[in-house]
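Spelled out, the chains give:
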Amino acid sequence: MMDILTEQAETYDECINKIKNKYGPNINILRHKKIRTGGFLGFFEKEGIEITFTFNQNNYRDQIRSPESYVKKPDPFDEERKRIIQKAVLSSPSLRKRFSLTLTAFRRKA
């Protein structure tokens, strides 16, 4: 459900802080405009800001995957494959000579 609301304050930053404190970070600003408030017959008016925004109670941003979820997690199969290769290299002298650099890389990651 989406609500369209307005809020007024003396400055833009004050208005944004007021909105975020009241409604949280799930807002989308539609427009802002300068307004005049208070006063008597056009005298003693103060300038201010009015922000019109939407407040979405269903936070769609939480439903979107976070950047951490894009990072490839180690596959258990890959880990097992690395262990098998490491054991083979350690047990065979000829493989140990060929894969000495790979072996040191395995030891550093483990």
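The rules behind the values
- Residues numbered from 1 in each chain as written.
- Predicted model: local features only at pLDDT ≥ 70, side-chain atom pairs only at ≥ 80, totals over all residues.
- Heavy atoms only, no water.
- Salt bridge = Lys/Arg side-chain N within 4 Å of Asp/Glu carboxyl O.
- Helix = DSSP H or I, 4+ residues; strand = E, 2+ residues; numbered from the N terminus.
- Buried < 20%, exposed > 50% of the residue type's maximum accessible area, 1.4 Å probe, protein only.
- Phe/Tyr/Trp six-rings, centres within 6.5 Å; stacked < 30°, edge-to-face > 60°.
- Core = buried A, V, L, I, M, F, W, Y, C linked by side-chain atoms within 4.5 Å.
- Contact = heavy atoms within 4.5 Å.

S.K.: Give me the pattern of salt bridges: which residues, what numbers.
M.R.: Scanning all chains against the criterion turns up 6 salt bridges. A salt bridge links R36 to E47, with the nearest nitrogen and oxygen atoms 3.7 Å apart. Here E47 lies in strand β3 (residues 46–56) and R36 lies in strand β2 (residues 27–37), a separation of 11 residues in the sequence. The pair R36 / E47 is uniform in exposure class, with both members exposed. By sharing partners, the salt bridges in this structure join E7, K18 and K22 into a single network.

S.K.: Account for the packing of aromatic side chains, naming residues and giving values.
M.R.: For any pair of aromatic rings, geometry is given as the distance between the ring centres together with the angle between the planes. Counted under the stated rule, the structure contains 1 aromatic pair. With centroids separated by 5.5 Å and ring planes inclined at 55 degrees, the aromatic side chains of Y23 and F53 adopt a geometry described as tilted. Taken together, the residues span a long stretch of sequence, with Y23 in helix α1 (residues 12–23) and F53 in strand β3 at a distance of 30 residues. On the basis of relative accessibility, which here comes to 25%, the residue Y23 falls in the partly exposed class. The class of F53 is buried, set by a relative accessible area of 0%.

S.K.: An account of the nonpolar core is needed here, citing residue identities and associated values.
M.R.: If you look at the biggest cluster of nonpolar residues, it comprises 9 residues: A9, C15, I16, I19, I27, I49, I51, F53 and F55. Within the residue set of this core, elements represented by two or more residues are α1 and β3. Counting residues per element, this core draws most heavily on β3, at 4 residues. Among all residues touching I16, those that are not within four sequence positions of it are I29 and I51.

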